[in-house]
Each structure stands twice: as C-alpha cells, then as structure tokens.
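# Fold and contact review
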Amino acid sequence: QVHLVESGGGLVQAGDSLRLSCAASIRAFSSYTMAWFRKAPGKEREFVAYINRTEGSTYYTDSVKGRFTISRDNAKNTVYLQMISLNPEDTAVYYCAAGAQRSAVLLNYLYWGHGTQVTVSS
C-alpha cells in the first residue's frame, strides 16, 4: 500500500516562511514525479509545483515562482516544498502527489496524501 504523509503546515503571518515535507512509503520512490497541489477554501485543487523523477527538473505555477522551491531527497523518500514570502493567497490545504510522468494536471497523479493546512494571516 502506498502512503504519502505531509507535514510542516501551520499558521504564519504574511512574509513568513514554511517548509513542507512529504514522507512517501512507496516502492521505487525515485521513479516517480512528485508534485504539490493546494486547495484554497471555495476553490478547486490547483497545481503548485513538480519535480521530475529522473533529471530533477522542476516546474512551478506562476503565482509561486521565485517564492517556492520544490526538492527531493531520494535517500529519505521525501519531497519538500520550501515557501518564502507567504501571503494570504497561499492559504490552503497542501497536498503531496506522486505520478508516473511530470505534469501539472491533477488527474495524471496516481497517489495522494491527505494534506497539511497552511494558513497565512495578514
């Protein structure tokens, strides 16, 4: 059984930083593209960032470019999302996902965690 467990969320003020972690219990972790999505209140789940399974290339949605950094540690089966300069629009439940190919499309991901709450106050 595959399990993805997010951690690191919390309540912060605008301008603060957080680092989210996703611990993956999954066979052949390094073969998966890993991604972060988020769901803000009243909105659909949206793509945030991914890191490729092989070369480690990354891609970000425009609203987080320059502020968020996705990384992975294959020895620890863990993917991270370093977030700086947070603003209230970043408030959402953040989800970790694993997929067979790099993609910004939600349906292309095979496995999901249950999410961690990030709340940014102004």
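These remarks concern the structure in this document. Predicted model, so just to flag it, every value in this text is computed and none were measured.

All right, on to the environment of Glu 44 then. The residue Glu 44 is located in the loop between β4 (33-39) and β5 (46-51) in this model. Apart from residues no more than four positions distant in its own chain, Glu 44 is found in contact with Arg 38 and Lys 39.

Under the counting rule described, the total for this entry stands at 4 salt bridges. For Asp 90, the salt bridge goes to Arg 38, with nearest N and O atoms at 3.0 Å. Residue Asp 90 is located in the loop between β8 (78-83) and β9 (92-99), and its partner Arg 38 is located in strand β4; the two are separated by 52 residues in the primary sequence. Residue class for Asp 90 comes out buried when judged on its relative accessible area of 1%. Across the salt bridge formed by Lys 65 and Asp 62, the nearest N and O atoms sit 3.0 Å from each other.

Under the criterion given, the structure shown has 8 aromatic pairs. Taking 6.4 Å as the distance between ring centres and 70 degrees as the angle between the ring planes, the aromatic pair formed by Tyr 109 and Trp 112 counts as edge-to-face. Of the residues examined, Trp 112 reaches a relative accessible area of 25% and is grouped as partly exposed. An aromatic cluster of at least three residues, connected via ring pairs, comprises Phe 37, Phe 47, Tyr 50, Tyr 59, Tyr 109 and Trp 112. When the ring centre of Tyr 95 is taken as reference, the NZ or CZ atom of Arg 45 above it lies at 3.7 Å. Directly above the aromatic system of Trp 112 lies the positively charged group of Arg 45, at a separation of 4.9 Å from the ring centroid.

On inspection of all chains with the given rule, the structure shows 1 disulfide. Residue pairing for Cys 22: its cysteine sulfur links by disulfide to Cys 96, the two sulfurs lying 2.1 Å apart. Because the sign of the S-S torsion sets the handedness, a value of about -80 degrees for the bond joining Cys 22 and Cys 96 places this disulfide among the left-handed ones. Placement of Cys 22 in strand β3 (residues 18-25) and of Cys 96 in strand β9 is noted, with a sequence separation of 74 residues between them. Both residues of the pair, Cys 22 and Cys 96, count as buried.

Each value, and the rule that gives it
Residues numbered from 1 in each chain as written. Predicted model: local features only at pLDDT ≥ 70, side-chain atom pairs only at ≥ 80, totals over all residues. Heavy atoms only, no water. Helix = DSSP H or I, 4+ residues; strand = E, 2+ residues; numbered from the N terminus. Contact = heavy atoms within 4.5 Å. Salt bridge = Lys/Arg side-chain N within 4 Å of Asp/Glu carboxyl O. Buried < 20%, exposed > 50% of the residue type's maximum accessible area, 1.4 Å probe, protein only. Phe/Tyr/Trp six-rings, centres within 6.5 Å; stacked < 30°, edge-to-face > 60°. Lys NZ or Arg CZ within 6 Å of the ring centre and 35° of its normal. Disulfide = S-S within 2.5 Å.

Everything listed here is a matter of geometry and, on its own, says nothing about what the molecule does.
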